[in-house]
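Report on the structure
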Amino acid sequence: MAGHINEMIAPERIVIVGASLAGLRAAEALRREGFMGQLTLIGDEPYPPYDRPPLSKQVLGGRLAVEHTTLALFQRLEAQWLLGVPARRLDLAKRRVLLADGRSVDFDYLLIATGTCARPWPDAEEAALDGVFVLRNRDHACQVSARLATRPRHVLVAGGGFIGCEAASVCRDLGLDVTIVERGPTPLGGVLGSTIGQIMAQRQRDYGVYLHTGAVVTTLQGNQDHRLCGAQLSDGCSLEADVAIIALGAIRNVEWLLNTDLSVDGRGIVCDLYCRALDSQGAVVENVFVAGDVARWPHPLYAYDHQLLAVEHWGNAVEQAAIAAHNMLSPSFEYRRHTALPRFWSSQFGFNMKSVGLPTVADEVVITQCSFGMRRFTAVYGRQGQTVAAVSFNAGQMLPSYQTLVEQAAPFPPDLHAADGPARAQPMPAGFPAQGHPKYDTGMEPYTVSQP
Amino acid sequence: MRIIVDLNRCQSFGQCCFAAPDVFHFHNAEALEYDPAPDEARRWDVIRAAKACPVQAIQIGLDDEEYEGAQREKTHGRSYQ
């Protein structure tokens, strides 16, 4: 019975570590479902929860003031907010979170929603050069936006994933020279595969991006004033740059948990379908839940070879947070499972891109609907003859029908009889890298946490 | 006021852009962009936009009282700009 707390297990104190999208939506769900006790949100940034997707788009382009990104609230929380101070340690036996400033907060139930941070440039001295930025939080977006407004002569984007491509798109909107350096054969190859990545590569070149694939940035060079002036690439090329945006993916914020018995490493915190954390033996830790970018769980649609799924997308933070909150207040027979399909959107280079399902597990891809000149099209991904994902490019109205195909694991290639479909579906290799890109960590990639 | 659009749900029908053109617009033709903190004077337009949305992707939030408490309690306060 929704809205009723089982009084036998009713917690009095719930602590949420992580005051961003997942933490906020979990807090709202707890109150909505009737939790009356003390609710504490702990966040390492000094700001109330804000929305991150606009940071690499409107905020970067100077079209939206960063203060406007504060997330709308849909429920009175009457929470205690501890902002601007990170959690440093978790004491599971004492049910206590220790903060970096020495304070501690006791809990009955804990939700871990600490998310990720930007992977920093590996060389600290080069990273400190004036003009070198990462792009993950509000402060970063302000810094990069302010620098782009000074009209730098050449922007280098290291990494052709979502953030790198969105940032490069903004640079082109602003009429700035920009180079993307990507280690794979195409941009977005880790999330869309190199076949669709090839289409994106052409699109980016049409928009005036200098696309440099098959190489990584090895050295950032500064002048005598410690300002960035150029970069060396692994293929021997060098290029001039006065701004570098380091977009090499994210690192999960788990270092404060490494001394616990939770099942945690650089890939995230392992939890079950009900968002309950597991310990290092695989047993459920009854009073600790996990949600958002930092969680890894066995999604039933994608549990090939017992792989765990981690999804760093907006929708997952919202959905997983609500389920974790519900289960925290419910007896086990009322638990809900977190089985929502992964979804994302991105806008870049005149494409509004939307995805449902999990493209990265695919072996083949087919373009099922397409307009003249590829101005709008939909790509469907298949794995061993089953449909696993669909991505639309300026064709979002088609996506809900594809969602059904993905949920049903329909035969691939799907037989759509679409008026704008090809005469005969011609699947192509999807072209995902053999070593998974960390964007979707399927548990295959050896990948360790670097201690800050 | 604060609003949020679920852009997973949004299908670019564009009805909001007609109802509240100061708040919602398409960037580069197809990608919906919006001001998540529109001026209070736009409230009625935004309500009309939310009602007009064919997929009901626009949600209007409560006011910010909760966050004012959060700001007061923050420990290492530093503000940007």
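As a reminder, the structure under discussion sits directly above these lines.
Since the structure is predicted, the reported quantities are computational estimates derived from the model, not experimental observations.

A closer look at the pairing of strand 4 (residues 87–91) of chain A
Residue and element names in this part refer to chain A.
- Bridging between strand 4 and strand 5 (residues 96–99) involves four bridges; their strand directions are antiparallel. The partner of L90 across the bridge, within strand 5, is V97.
- The turn linking strand 4 back onto strand 5 is made up of four residues, and R95 within it adopts a positive phi angle of 55°.

So, the packing of aromatic side chains
Residue and element names in this part refer to chain A.
- One pass over the full model with this rule turns up 12 aromatic pairs over all chains.
- Centroid distance F162 to F344: 4.9 Å. Interplanar angle 70°. Geometry classified as edge-to-face. Taken as a pair, F162 in helix 4 (residues 162–173) and F344 in strand 23 (residues 343–348) lie far apart in primary sequence, 182 residues in all.
- Owing to a relative accessible area of 9%, F162 belongs among the buried residues under this scheme.
- By relative accessible area, which is 4% here, F344 ends up buried.
- Aromatic ring contacts, followed pair by pair, group F351, F377 and F393 into a single cluster.
- A cation over a ring is seen here: R138 above Y47, with NZ or CZ 4.0 Å from the ring centre.

Quick look at the interface of chain A and chain B
- The interface of chain A with chain B comprises 48 residues on the first partner and 37 residues on the second.
- A combined buried area of about 4,000 Å² lies between chain A and chain B, and 51% of that area is made up of carbon and sulfur atoms.
- Three residues stand out in chain A for area buried against chain B, namely F74, R76 and W81 of chain A, and they jointly supply 15% of the buried area on that side.
- Between E30 of chain B and R376 of chain A there is a salt bridge; the shortest N-O distance is 2.7 Å.
- At the junction of chain A and chain B, the tally comes to 19 residue pairs in polar contact (both at pLDDT 80 or more).
- Of all elements in the fold, only helix 1 (21–32), strand 3 (80–83), helix 3 (138–149), helix 6 (314–328), strand 23 and strand 24 (351–357) of chain A reach the threshold of two or more residues within the side of chain A that touches chain B.
- For the side of chain A that touches chain B, the element with the highest residue contribution is strand 23 of chain A, accounting for four residues.

Some words on the pattern of salt bridges
- Tallied over the full model, the rule gives 21 salt bridges over all chains.
- The shortest N-O distance in the salt bridge between R42 of chain B and D22 of chain B comes to 2.6 Å. Taken together, the positions of R42 of chain B in the loop between strand 3 (31–34) and helix 2 (43–52) and D22 of chain B in the loop between helix 1 (15–19) and strand 2 (24–27) put the pair 20 residues apart, joining distant regions of the chain.
- With relative accessibility at 29%, the residue R42 of chain B sits in the partly exposed group.
- What makes D22 of chain B exposed here is its relative accessible area of 55%.
- One salt-bridge network, held together by shared partners, links R63 and D173 of chain A together with E33 of chain B.

Thoughts on the side chain of N394 of chain A
- Summarising the element assignment, N394 of chain A is placed in the loop between strand 27 (386–393) and helix 7 (399–407).
- Residue classification places N394 of chain A among the buried positions, given a relative accessible area of 6%.
- Within the local environment of N394 of chain A, its side chain forms a polar contact with the backbone oxygen of G350 of chain A, the two atoms lying 3.0 Å apart.
- Setting aside chain neighbours within four positions, we find N394 of chain A in contact with R203, G350, F351, N352, R375 and R376 of chain A together with E30 of chain B.

A short note on the sheet that holds strand 19 (residues 268–270) of chain A
Residues and elements named next belong to chain A.
- Strand order in the open sheet formed by three strands is 18-19-22, and the pairing between neighbours is mixed. Where the open sheet ends on each side, the last strands, each with one partner, are strand 18 (264–265) and strand 22 (295–296).
- Inspection of the sheet shows strand 18 paired to strand 19 by two bridges, in the antiparallel sense. Across the sheet, V264 pairs through a bridge with I269, a residue of strand 19.

Calculation notes
- Residues numbered from 1 in each chain as written.
- Chains lettered and ligands numbered in written order.
- Predicted model: local features only at pLDDT ≥ 70, side-chain atom pairs only at ≥ 80, totals over all residues.
- Heavy atoms only, no water.
- Pairing = 2+ DSSP bridges.
- Helix = DSSP H or I, 4+ residues; strand = E, 2+ residues; numbered from the N terminus.
- Phe/Tyr/Trp six-rings, centres within 6.5 Å; stacked < 30°, edge-to-face > 60°.
- Buried < 20%, exposed > 50% of the residue type's maximum accessible area, 1.4 Å probe, protein only.
- Lys NZ or Arg CZ within 6 Å of the ring centre and 35° of its normal.
- Contact = heavy atoms within 4.5 Å.
- Buried area = accessible area lost by both parts, 1.4 Å probe.
- Salt bridge = Lys/Arg side-chain N within 4 Å of Asp/Glu carboxyl O.
- Polar contact = N/O pair within 3.5 Å; in protein donor to acceptor, adjacent residues only side chain to side chain.

Purely spatial values, then, with no claim about function.
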